[in-house]
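This is what each chain is made of:
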Amino acid sequence: DRGRIRVQDQSNNKTGGFMRIETTGGTDSTDGSGFETRIFLDNDGDIFFYEDTGTTAKVKWDATNERFGIGTTSPTAKLNVDGAIVGGQKGDSSPDNTDVSGVNSLTVSTGAGSQTINGLVGGVTGQVLHIIKTNSAFTLTIADQNATSPGVEIKTADGNNISLTNFGGVTLLFYNGAWWEVGK
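Each value, and the rule that gives it
Throughout this document, residue positions are counted from 1 along each chain, in the order its sequence is written. Under the rules for a predicted model, residues below a pLDDT of 70 receive no local features and side-chain atom pairs below 80 are neither given nor counted, while totals for whole chains, interfaces and linings still include all residues. The side-chain numbers reported here are obtained from all heavy atoms of the structure, hydrogens and water having been left aside. Strands here are runs of E lasting at least two residues and helices are runs of H or I lasting at least four, both read from the DSSP assignment and numbered beginning at the N terminus. When accessible area is computed with a 1.4 Å probe and restricted to protein chains, residues below 20% of their type maximum are described as buried, those above 50% as exposed, and intermediate ones as partly exposed. By the convention used here, residues are in contact when the closest approach between their heavy atoms is within 4.5 Å. By salt bridge we mean one thing: a side-chain nitrogen of Lys or Arg within 4 Å of a carboxyl oxygen of Asp or Glu.

Let's shift gears to the overall build of the chain. When helices and strands are counted, the chain shows 0 helices and 17 strands. Sorting the 184 residues of the chain into buried and exposed places 34% on the buried side. Look at the contacts in the chain between residues 6 or more apart in sequence, and 37% of them connect residues 24 or more apart.

What follows deals with the pattern of salt bridges. Tallying each qualifying case throughout the model produces 4 salt bridges. With a closest N to O distance of 3.7 Å, D46 and K60 form a salt bridge. Taken as a pair, D46 in the loop between β3 (35-41) and β4 (47-50) and K60 in strand β5 (residues 57-62) lie far apart in primary sequence, 14 residues in all. Assessed through its relative accessible area of 7%, D46 is described here as buried. Close ionic contact of E181 with K184 constitutes a salt bridge, the shortest N to O distance being 4.0 Å. For K184, a relative accessible area of 69% corresponds to the exposed category.

Before going further, it helps to spend a moment on the environment of L106. Structurally, L106 can be placed in strand β9 (residues 103-108). As for L106 and I132, which are separated by 26 residues in sequence, their C-alpha atoms are 6.1 Å apart. When near neighbours in sequence (up to four residues on either side) are disregarded, L106 contacts K90, D92, P95, T98, V100, L120, L129, H130, I131 and I132.

This is the structure we're talking about:
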């Protein structure tokens, strides 16, 4: 046997049943069968995904509270991650109206003279974007509320353009249809 699907009529002293998807893996199984749990579906709709030995759940869908946990089986928010999150990165030498969908850092390095970011394309509420200038040989200007189509406006904290003349960066948050400066 390489694996099996088990369906039982009770789970953790609850009425109802459960389903397990198990694979062979050696002697680490919790019931001595040689099978290790990979996915466990409880009678209340919770789904647990187990690590390689099949003994510890590392990912959980909490159906009752509609929460998803990564690295935790007790999620306290819609998405609860216990560990580092690595987001997408994009580099651009002509950053105005760059599509930052699914990106958390935009690095700008160019020897082509000064650059201005009037707006950015994309963004979802709650998305954080770090704009990082990695070359001190030019000035990067981030314009306040000067986007042209298809760009989305950037709103700076003081209402003025931001000029980065050396290395450095700005942190933006997408909210209510615009990018808002939240840190330098």
